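Results of the structural survey
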Amino acid sequence: ERERVHAQEMEQLKEESRAKIDDALRQLEESKAEISRLHVEADKFKEESNAEITKLRAEADRSQEASEAKARTMAVDSDDMRQRVLSLEAELTKTSERAEAGSLEAGRAAAEAAGKLKESEAEMAELEASLARAQAEARTSQSQTRRFQRECEESRAECKELLSA
């Protein structure tokens, strides 16, 4: 009788062990499926992040290029105005010399040249202010580029964390 009871207990223990093993295998398969799903989700997030990063970088590059082009144009315009001012100053000097000779006409021309000089100086001041604004925009673009790069690095770190999880 004891052997029969012992055999039944052993059989019951075997069945319980098989049930636990089957349960553990089922949980393992569920975990594998969950891990696979998380990998797919992480890959999708990584692709979306990389696309967004690429878009932000392109936008920052376009903005920076536009600002740089504007700054170059302003610098060229400023140089042109400086040359114009120098030319007008030379013209004013010639006119002043004629005025000293006592020519009334030369006096009128000198006044006209002085007016042109003042106008040119005002235009030059405007161009220099525009140049300063363009340079400030370029600095802002560079700052945005650095910020976009930091965001990119943060997104990459998040992706790595998700992948390692």
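Description of the structure in this document. (Residues numbered from 1 in each chain as written. Predicted model: local features only at pLDDT ≥ 70, side-chain atom pairs only at ≥ 80, totals over all residues. Heavy atoms only, no water.)

This part covers the overall build of the protein. Of the regular secondary structure elements, the protein holds two helices and zero strands. Over its C-alpha atoms the protein spans a radius of gyration of 40 Å, topping by over 25% the 15 Å that the globule rule assigns to 165 residues. Of all 165 residues assigned to the protein, the portion counted as buried reaches 18%. Sequence-distant contacts in the protein: of pairs separated by 6 or more residues, those separated by 24 or more amount to 84%. For the protein, the computed accessible surface area is about 12,400 Å², with 52% contributed by carbon and sulfur atoms. (Helix = DSSP H or I, 4+ residues; strand = E, 2+ residues; numbered from the N terminus. Rg over C-alpha atoms; globule rule 2.2 N^0.38 Å. Buried < 20%, exposed > 50% of the residue type's maximum accessible area, 1.4 Å probe, protein only. Contact = heavy atoms within 4.5 Å. Areas by Shrake-Rupley, 256 points an atom, 1.4 Å probe, with all protein chains shown as cover.)

As a further point, take the nonpolar core. Membership of the largest hydrophobic core is limited to ten residues, which are A71, M74, M81, V85, L88, L117, M124, L127, L131 and A134. If you list the elements that add at least two residues to this core, you get helix 1 (2–100) and helix 2 (104–164). Each residue touching M81, except ones within four places of it in the same chain, is listed here: S120, E123, M124 and L127. (Core = buried A, V, L, I, M, F, W, Y, C linked by side-chain atoms within 4.5 Å.)

Here we come to the pattern of salt bridges. Counted under the stated rule, the structure contains eleven salt bridges. Between R82 and E128 there is a salt bridge, with its nearest N and O atoms 3.4 Å apart. Residue R82 is found in helix 1, and its partner E128 is found in helix 2; the two are separated by 46 residues along the sequence. Its relative accessible area of 34% is what places E128 among the partly exposed residues. (Salt bridge = Lys/Arg side-chain N within 4 Å of Asp/Glu carboxyl O.)

What follows is about the side chain of S67. Relative to the elements of secondary structure, S67 occurs in helix 1. Engagement of the side chain of S67 in a polar contact is seen with the side chain of S141, the distance being 3.4 Å. Sequence-distant contacts of S67, defined by excluding residues within four places in its chain, comprise A134, E137, A138 and S141. (Polar contact = N/O pair within 3.5 Å; in protein donor to acceptor, adjacent residues only side chain to side chain.)

Our focus in this paragraph is the environment of S87. Note on placement: S87 falls in helix 1. We classify S87 as partly exposed; its relative accessible area is 45%. In the structure, S87 is positioned 30 residues away from L117 in sequence and 9.4 Å away in space, judged by C-alpha atoms.

The next point concerns the environment of A125. The topology assignment puts A125 in helix 2. On the basis of relative accessibility, which here comes to 43%, the residue A125 falls in the partly exposed class. Residues A125 and S78 lie 47 residues apart in sequence; the distance between their C-alpha atoms is 8.8 Å.

This part takes up a nonpolar patch on the surface. A cluster of nonpolar side chains, namely I21, L25 and L28, defines an oily patch on the protein surface of about 280 Å² accessible area. One can find L28 in helix 1. (Patch = residues over 30% accessible without salt bridge, like charges linked within 9 Å, V, L, I, M, F, W, Y side chains within 5 Å.)

With that settled, the discussion passes to the side chain of Q64. Within the secondary structure, Q64 sits in helix 1. Q64 has contacts with S141, Q142 and T145, leaving out every residue within four places of it along the chain.

Residue placement: L56 occurs in helix 1. Judged by relative accessible area, L56 falls into the buried class, the value being 16%. Separated by 44 residues in the primary sequence, L56 and E100 have C-alpha atoms spaced 65 Å apart. Beyond its immediate sequence surroundings of up to four residues, L56 is in contact with F148 and E151.

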